[in-house]
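Descriptive analysis of the structure
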Amino acid sequence: MLKLLLHRSWLRPAGNARVAELADVSPTLRHYWHLPADEALAAVGGTIAGLGEAESRRRLRAVGANRLHDGHGHGAWQALAKQFANPLVLVLLFAACVSLAIAEWLDAAIILAIVAGSGLLGFVQEYSASQAVQKLRQQTSLKARVLRQGEAVEIPAERVVPGDIVLLSAGSLIPADGLILEAKDCFVIQAALTGETFPAEKLPGVVPADATLPERSNCAFMGTSVRSGTARLLVIETGERTQFGRIAHRLNLRPPETEFERGIRHFGYLLTQVMLVLVIVALVINVLLDRPLLEALLFSIALAVGLSPELLPAVITVTLGQGARAMAAKGVIVRRLNAIENLGSMDVFCTDKTGTLTEGAMRLERAVDPAGDDAARVAGLAYLNASWETGIGNPLDEAIVRHGAVAGFALEDWRKLDEIPYDFERKRLSVVGLATNGERRLICKGAFATVLASCTAVREGDRERPLDEARRATLEQLFASWSRQGVRVLGVASRAVSEQSAYTAADETAMSFEGFLLFSDPPKAGVRATLARLAELGVAIKVITGDNRLVAEHVAAQVGIDRPRVLSGRDINKLKDEAFWRQAANTDLFVEVDPNQKERIVQALRHAGHVVGYMGDGINDAPALYAADAGISVDTAVDVAKEAADFVLLSPDLEVLRLGIEYGRTTFANTIKYIYMTTSANFGNMISMAVASLFLPFLPLLAKQILLNNFLSDIPAVGIASDRVDRVAVARPRRWDIAAVRRFMLSFGLISSLFDLCTFATLLWLADGSPALFRTGWFVESLLTELLVVLVVRTRLPCYRSRPGPLLLGLTLVLVVVACSLPYLPGAALFDFVPLPADIMIAIAAIVAAYLVTTELAKRRFYRRAEA
């Protein structure tokens, strides 16, 4: 639920009147934003050191888990009710009620039994799959850092309770509503609740009791996220009692429709149109032929049900659920089930280079002065900066701290006074420290260009020299030389500062450039081969990085992206949308990209007709993750990125992603199998029955026989989710093509109808006009064709070269035996079946065999034309 707040197109920002209305809703602790911090702490029974573990558990039992109802993990009763809430089941229940009204008890009982059987079959499959997926989601559930009696611990966000002290930093999703106790350059993105365009600064203090949400600068709210800085939050409200919780049920929070969902919807439209025509024509003509109205109505309803793929929702859920479990076993956690199909359809994958193409384990190779010589001073200043940094953890700072520890650096001679946190506009971070000798110094570290731009001097030995154009050019040449070798370069600068109460980004001026930090991050072992395998799967890699062109090109060459086409962030800004859409599709490296341009790149690629995957782990990756068809993050990502993602990789490994793509294509292939199965023999059989009812002196099948046929033919669908998939089906991206489904339905439906007409002629001749014998023979033939055609249409290859899954094959063979035995079993008379003579059974077997051979030949021709 929290992830839906992060994209402004899904939640209309609240206007001032709406915000004022929300502010009037009485919270548990009324007007807490108007209370001093000590009074608020006392009111919720908290302390500045946080709650104890026992007290936290007691409060959790009292107030409940800190979560909102988000539609995931429905209970068993809701899942069962869902099976009987679709229109086709309601139509069948109507038919049963009509039968009861006219005392046709047996027909009513049979209809109700079939409805119950179909519903329970769907429930067992769908509910077990959804429960398994819910357990997988919990592996990547949000965490919150809270104080427990003074110690910082990480707990599931659902366990946050009123009175907790939450530690916030850049990238944190705020887990509850509360009061800011401490803050340092803390800016929060809260546009979803307040409509504010820019991040809002949060400060401790007191605001008026009648302050609206945007005016509560001392509060932070569930579902918003920290853009920069740090803060401590006293939790006041959790779960449904938060500001978001109060309005969530009034909002349309449905995420954007995936391509797979759109395809299913269009398929539903197609079937609805066919069913309406079929049912209305069959009903009208049978009434005009003076057949009993009830019999004609039940027959028409049964035709509609026979044509419909009523188990499709269960098949989709089970197929996706099994895909999610298989992907989890390989280290890919699925957060949004329907996105699995998008992952399989993906033909463009956008990623940063660090951690995916490279090891991501940065190593500080050298710290050098402006002349390029090793400099302990530069390493020491960088060590102070990285050790004191309290914002976003990152591999560069970790590498600096490790290097400093090995070198024997210590912090005893310095005391931290202040910190100016990193943000994505400045691209640097500064700390202020006081040395034991009384020296007060601001130490800045960050992107070379932005650090150098804030400098007016350069250190040469023990002296500072003016940073003139010649010296600036020398420094830029050094930077370019290292970048061409693939070295990641940061700049370090400092300046003496005077004593003041607080320091801000405005103090990062007139600094002296101290030197460079040179990092190595070699390409991952095997990444070149993985990229080659992704290319074989039809997936193009596009690298989006904030690094300069030279570093990006060097890394690209190392991983096999030869002669890449490059577009810089500056170039992107100059292009209008239409021109950028064309260029983006032909670009391999997007370099020197501003974080805000990532979403535009993804949208441009989608406009160009691609299915786009995007992998990101930072604060500013969230919009691009939402914009992508498949948003992918890693388990070590910041909260806001993980919550935005459809998939979370337990390790940032492209090989794991490649396996995920194959699983996505497998689930798509198995879903299409069921659709092709129901739109081939089923469609033909229903058309045949509708046509036959026009010239036969009796209905070709009774309504209860049609429903039984439909129920039995759907049982093997349980095995489709685990069916084997041919390599050819996962070799290239597959996308929904409703026109192809329509062609398949018409082509194979007509073949089925042709053999049905042969069956009718044969049965009229052999059955000597007996309605019961005709219906029994036709029931067996139509059921056999529907069961066995699955083994033909499930693969693009010749059916004898593609081995079906054991469950699908086993269920099909069992149902074939049942179909052949049904007329001879006790109780067959309940369905008006009679034993079939040997000559009719032989004729049926011959017709079925001829039908399967013809379908196999037609399938080969169909796919040859489709791929031409």
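Residues numbered from 1 in each chain as written. Predicted model: local features only at pLDDT ≥ 70, side-chain atom pairs only at ≥ 80, totals over all residues. Heavy atoms only, no water.

Examining the side chain of T795
Secondary-structure assignment places T795 in the loop between α29 (771–793) and α30 (806–821). A polar atom in the side chain of T795 sits 2.3 Å from the side chain of D726. In contact with T795, other than residues within four places in its own chain, are D726, S802, K859 and Y863. (Helix = DSSP H or I, 4+ residues; strand = E, 2+ residues; numbered from the N terminus. Polar contact = N/O pair within 3.5 Å; in protein donor to acceptor, adjacent residues only side chain to side chain. Contact = heavy atoms within 4.5 Å.)

As for the environment of E460
Assignment of secondary structure puts E460 in strand β14 (residues 455–460). Sequence separation between E460 and G515 is 55 residues; the distance between their C-alpha atoms is 9.7 Å. Those residues in contact with E460, other than ones at most four positions away along the chain, are R465 and R471.

Digging into the pattern of salt bridges
One pass over the full model with this rule turns up 35 salt bridges. Among the ionic pairs, E508 bridges to R426, the shortest N-O distance being 2.8 Å. With E508 in the loop between β16 (488–496) and β17 (511–520) and R426 in the loop between β11 (414–420) and β12 (428–435), this residue pair connects regions lying 82 residues apart in the sequence. Note that D723 and K673 form a salt bridge whose closest N and O atoms lie 2.6 Å from each other. Highlighted residues: D723 in the loop between α26 (703–714) and α27 (727–730) and K673 in helix α24 (residues 654–678), separated in sequence by 50 residues. Grouping residues by exposure puts D723 and K673 together as buried. Overlapping salt bridges bring together R533, E655, R658, E662 and R727 as one network. (Salt bridge = Lys/Arg side-chain N within 4 Å of Asp/Glu carboxyl O. Buried < 20%, exposed > 50% of the residue type's maximum accessible area, 1.4 Å probe, protein only.)

Looking at the sheet that holds strand β21 (residues 612–615)
With respect to topology, eight strands assemble into an open sheet ordered β8-β23-β22-β21-β9-β18-β20-β19, the strand pairing being mixed. The two strands at the open ends of the sheet, each matched to only one other strand, are β8 (332–334) and β19 (566–568). Within the sheet, the average angular offset between the axes of one strand and its neighbour, ignoring direction, is 20°. Sheet topology note: the β19/strand β20 (residues 589–591) ladder contains three bridges and is parallel. By the bridge assignment, V566 is partnered in β20 with L589. Packed onto the sheet, helix α21 (residues 598–607) meets β9 (348–351), β18 (540–544), β20 and β21 and runs at close to 160° relative to β21. (Pairing = 2+ DSSP bridges. Axes fitted to C-alpha atoms, helices over the stretch in contact; angles between N-to-C directions.)

Describing the packing of aromatic side chains
The full count for this structure, using the stated rule, is 18 aromatic pairs. Judged by centre distance (5.8 Å) and plane angle (45°), the rings of Y383 and F409 are tilted. In this pair, Y383 is assigned in helix α13 (residues 376–388) and F409 in the loop between α14 (395–407) and β11, connecting sequence segments 26 residues apart. Judged by its relative accessible area of 10%, Y383 falls in the buried class. Ring pairing ties together the aromatic residues F448, F479, W482, F513 and F516, which thus form one cluster. The residue whose ring lies beneath R216 is W33, and the NZ or CZ to ring-centre distance is 3.5 Å. (Phe/Tyr/Trp six-rings, centres within 6.5 Å; stacked < 30°, edge-to-face > 60°. Lys NZ or Arg CZ within 6 Å of the ring centre and 35° of its normal.)

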